[in-house]
Amino acid sequence: CILTTLNFCAGIKLVCNFGNSFLGYMCHAKELEITSKYDRIITEVTGYHVVGKTNKDVLLFQSHESVIKYFPLGLTNKFQNLNKIFINESSMEEVNAEDLQQFGSNFKFFTIQHCNLKVLDAGLFTSMPNLETVSFHGNKIIHVGEGVFTNLKKLNKIWFGLNPCYSGYSIDGITAEAMSTSIEIEK
C-alpha cells in the first residue's frame, strides 16, 4: 500500500453478499481482511444487491470468520443507515470509543463475539446511547471499565458469558435486569 501523510494506507475493499435477515437488509462480508491499525478504512464496497436495494438500505454489517484484527472504519460512509454490527469469530483484539464514533445515536445492536477482546474501556459506547442489544460473548475479556454500559438506558439484551471476568450468561428482553447485569459485569 502507499502511505499518505496521515500514515493511513489506500483503504480496504469490502466484498458483500447482500441479502435479507431477521435483523434487516445486510452486507455479509464475503471478503474482508484487516490486519493493520493504519489500513482499516473501508473505501470500496462491491457485491450484488437484491433487486430494488442499495447501500442506503443496509441496516446490518455482518462478518463471520473474517480476518479482522482491528475494527473497520468508514462503514457509515458506505452504509448511511447502518444500525447493527455482528462480528463473529475473528481475530479482533481491541475496540475503543474512537472506533465507534462513526456510529450515532440511532445504533441499536452491537455484537463482537468469539474474538480476542481483552479490555472494554470506560466510555466505549458514548456515541451510541440508544443501544438495545450488546454481546461480547466468548471473548477473553479480563477488564471492563467503569460505566461502559451506564449511559445505555434502552439496553434490554446483554450476552457476556464465556469471558474470564464474568461467568454469567445473558439477560434477554428486560431493561432493568440487563442494566443490573451490566453493573455487575463492570464490578
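Placed above this text is the structure.
Described in the following lines is the structure provided in the data block.

Thresholds applied
- Residues numbered from 1 in each chain as written.
- Predicted model: local features only at pLDDT ≥ 70, side-chain atom pairs only at ≥ 80, totals over all residues.
- Heavy atoms only, no water.
- Helix = DSSP H or I, 4+ residues; strand = E, 2+ residues; numbered from the N terminus.
- Rg over C-alpha atoms; globule rule 2.2 N^0.38 Å.
- Contact = heavy atoms within 4.5 Å.
- Areas by Shrake-Rupley, 256 points an atom, 1.4 Å probe, with all protein chains shown as cover.
- Phe/Tyr/Trp six-rings, centres within 6.5 Å; stacked < 30°, edge-to-face > 60°.
- Buried < 20%, exposed > 50% of the residue type's maximum accessible area, 1.4 Å probe, protein only.
- Disulfide = S-S within 2.5 Å.
- Expected span 1.5 Å × (residues − 1).
- Arc of directions from axis to C-beta.

1. Here we look at the overall build of the protein chain
Right, on to step 1. The helix and strand inventory of the protein chain stands at three helices and 13 strands.
Right, on to step 2. In terms of overall dimensions, the protein chain is globule-like: its C-alpha atoms have a radius of gyration of 16 Å, near the 16 Å expected for 187 residues.
Right, on to step 3. Reported as C-alpha extents along the three principal axes, the dimensions of the protein chain are approximately 45 × 40 × 25 Å.
Right, on to step 4. Of all intrachain contacts in the protein chain linking residues separated by at least 6 positions in sequence, the fraction that spans at least 24 positions is 61%.
Right, on to step 5. Summing over all exposed atoms, the protein chain offers an accessible surface of approximately 9300 Å²; the carbon and sulfur share of this is 50%.

2. Notes on the packing of aromatic side chains
For any two aromatic rings, the description comes down to two numbers: the centre-to-centre distance and the angle of the planes.
Right, on to step 1. In the structure shown here, the tally under the stated rule is 11 aromatic pairs.
Right, on to step 2. Consider the rings of Phe18 and Phe79, whose centres lie 6.5 Å apart with planes at 75°: the pair is edge-to-face. Of this pair, Phe18 sits in strand β1 (residues 12–21) while Phe79 sits in the loop between α1 (75–78) and β7 (84–88); the two residues are 61 residues apart in sequence, bridging distant segments of the chain.
Right, on to step 3. Residue classification places Phe79 among the buried residues on the basis of a relative accessible area of 0%.
Right, on to step 4. Ring geometry for Phe71 versus Phe110: centroids 6.1 Å apart, planes at 25°, classification stacked.

3. Thoughts on the environment of Gly11
Right, on to step 1. One can find Gly11 in the segment before β1.
Right, on to step 2. Judged by its relative accessible area of 24%, Gly11 falls in the partly exposed class.
Right, on to step 3. When the C-alpha positions of Gly11 and Ser182 are compared, they lie 36 Å apart, and in sequence the two are 171 residues distant.
Right, on to step 4. Setting aside residues up to four positions removed in sequence, Gly11 forms contacts with Asp39, Ile41 and Thr43.

4. Observations regarding the state of the cysteines
Right, on to step 1. Inspection of every chain in the model, using the stated rule, returns one disulfide.
Right, on to step 2. Through a disulfide, Cys16 is tied to Cys27; the S-S separation comes to 1.9 Å. Sign of the S-S torsion, about -75° for the bond between Cys16 and Cys27, identifies this disulfide as left-handed. Of this pair, Cys16 sits in strand β1 while Cys27 is found in strand β2 (residues 24–31), placing the two residues 11 residues apart along the sequence.

5. Considerations on helix α3 (residues 175–186)
Right, on to step 1. In this model α3 runs 16 Å from its N-terminal to its C-terminal C-alpha over 12 residues, within 8% of the 16 Å that 1.5 Å per residue would give.
Right, on to step 2. The set of residues buried in α3 consists of Ala178, Met179, Thr181, Ser182, Ile185 and Glu186. Along the axis of α3, the buried positions cluster into a sector of 165°, meaning they face one direction only.

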